[in-house]
Each structure stands twice: as C-alpha cells, then as structure tokens.
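Now for the letters of each chain:
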Amino acid sequence: MRADHGIALLEVLVALAIISGAGLALLNLVTGGLAAERDARRYEAMLGVEERVLTALTLLKRDELDRRLGRHPVGEVIADIERPERTLYRIAVVQATSPHVEDLVTIVYRPEASHGS
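Residues numbered from 1 in each chain as written. Predicted model: local features only at pLDDT ≥ 70, side-chain atom pairs only at ≥ 80, totals over all residues. Heavy atoms only, no water.

What follows covers the overall build of the protein. Counting its regular elements, the protein contains two helices and four strands. Counting from the amino terminus, the protein carries its helices and strands in the arrangement α-α-β-β-β-β. Taking 117 residues into account, the globule formula puts the C-alpha radius of gyration at 13 Å, and the protein, at 29 Å, lies well above it. In terms of principal-axis extent, the alpha carbons of the protein reach across some 110 × 20 × 20 Å. Out of the 117 residues in the protein, the part that is buried amounts to 20%. Long-range pairs, those at least 24 residues apart, make up 39% of the contacts in the protein between residues at least 6 apart in sequence. Split by element, the accessible area of the protein, about 8,700 Å² in all, is 63% carbon and sulfur. (Helix = DSSP H or I, 4+ residues; strand = E, 2+ residues; numbered from the N terminus. Rg over C-alpha atoms; globule rule 2.2 N^0.38 Å. Buried < 20%, exposed > 50% of the residue type's maximum accessible area, 1.4 Å probe, protein only. Contact = heavy atoms within 4.5 Å. Areas by Shrake-Rupley, 256 points an atom, 1.4 Å probe, with all protein chains shown as cover.)

Ranked by size, the top nonpolar core spans 14 residues in total, and within it Leu57, Leu65, Val77, Ile81 and Ile91 carry the most contacts. Every element with two or more residues in this core is listed here: helix H1 (2–58), strand E2 (77–85) and strand E3 (88–95). Tallying contributions element by element places H1 first for this core, with five residues. Setting aside residues up to four positions removed in sequence, Ile81 forms contacts with Leu57, Leu65, Arg68, Leu69, Gly70, Tyr89, Arg90 and Ile91. (Core = buried A, V, L, I, M, F, W, Y, C linked by side-chain atoms within 4.5 Å.)

Judged by pairing direction, the sheet is antiparallel, and its four strands sit side by side in the order E1-E2-E3-E4 without closing on themselves. The open sheet has two free edges, formed respectively by strand E1 (70–74) and strand E4 (98–109), since each of these has just one partner strand. If you compare each strand with its neighbour and ignore which way they point, the axes differ by 25 degrees on average. Bridge count for E2 against E3 is seven bridges, and the pairing is antiparallel. (Pairing = 2+ DSSP bridges. Axes fitted to C-alpha atoms, helices over the stretch in contact; angles between N-to-C directions.)

Mapped onto the secondary structure, Val93 falls in strand E3. In the structure, Val93 is positioned 20 residues away from Pro73 in sequence and 9.6 Å away in space, judged by C-alpha atoms. What Val93 contacts, discounting residues up to four positions off in sequence, is Glu50, Val53, Leu54, Val77, Ile78, Glu102, Asp103 and Leu104.

The next thing to look at is the pairing of E3. Burial analysis of E3 places six of its eight residues in the buried class, the great majority of the element. Once E2 ends, the chain turns through two residues before running back antiparallel as E3. Note that E3 and E4 share eight bridges and pair antiparallel. Among the inter-strand pairings, Gln95 is bridged to a residue of E4, identified as Ser98.

Moving on: the side chain of Asp80. Take Asp80: it is sitting in strand E2. Asp80 sits in the buried class, given a relative accessible area of 9%. Residue contacts for Asp80: discarding those within four places in its chain leaves Gly70, Arg71, Arg90, Ile91, Ala92 and Glu102.

What follows is the structure, given as structure tokens:
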C-alpha cells in the first residue's frame, strides 16, 4: 500500500512539472505577442506622421520644391527631395533613427513655368 502512495505522489509531481512547463511556454508566447503588438502600434504611429509629411510635401509648388532639394529634417522625420528630371520630383520620407530605409516614396510632376505664352 505504501508503494502505491509513493507512485501516486511521483505522478502528481511529474504532472505539475509538465503543467508548469506548458504554462511558462504560454506565458512567453503571450509576452512575445504583446511586445510585437506594441512595436506594431509604434511603427504605425510613425507611418502616420510620415504620411502627413509626405502629403504636405506633395502639395508644394515647383519653386517651393526647388528650395527644399536635398535631405532636411521635418519634425520627427527626414524628407529627401530630388529632381531626377526637369519636371519630376522624387520625395522620400525616412525615420531619423533609420535614415537609410525609405518608408514612403512618391514622384510628383510639376510642369515648367511657361514664359509669355
């Protein structure tokens, strides 16, 4: 009879160890998911800022874009404006923390000013 009590206690201890291991694995999974969600929210907020800056820059006229050619900080982000063609402007917005990764890019057309026609 004593041997049966010892085996039952051992089985209960093994079952508790298995349940504890599964619980820790689940806790790590939930913690990782919450961290990923937090990072995604932060990135989405930054994309919202970048989108607003890009929208504002696309509304600029030709002479205003010419004055802003190059890379310049605009609030929390950096705007990079290039003119690959006489009538085309390439506008990119990057995060200051990772200036080599262009999150948003667009091309805008601005016709040349007509002279006396």
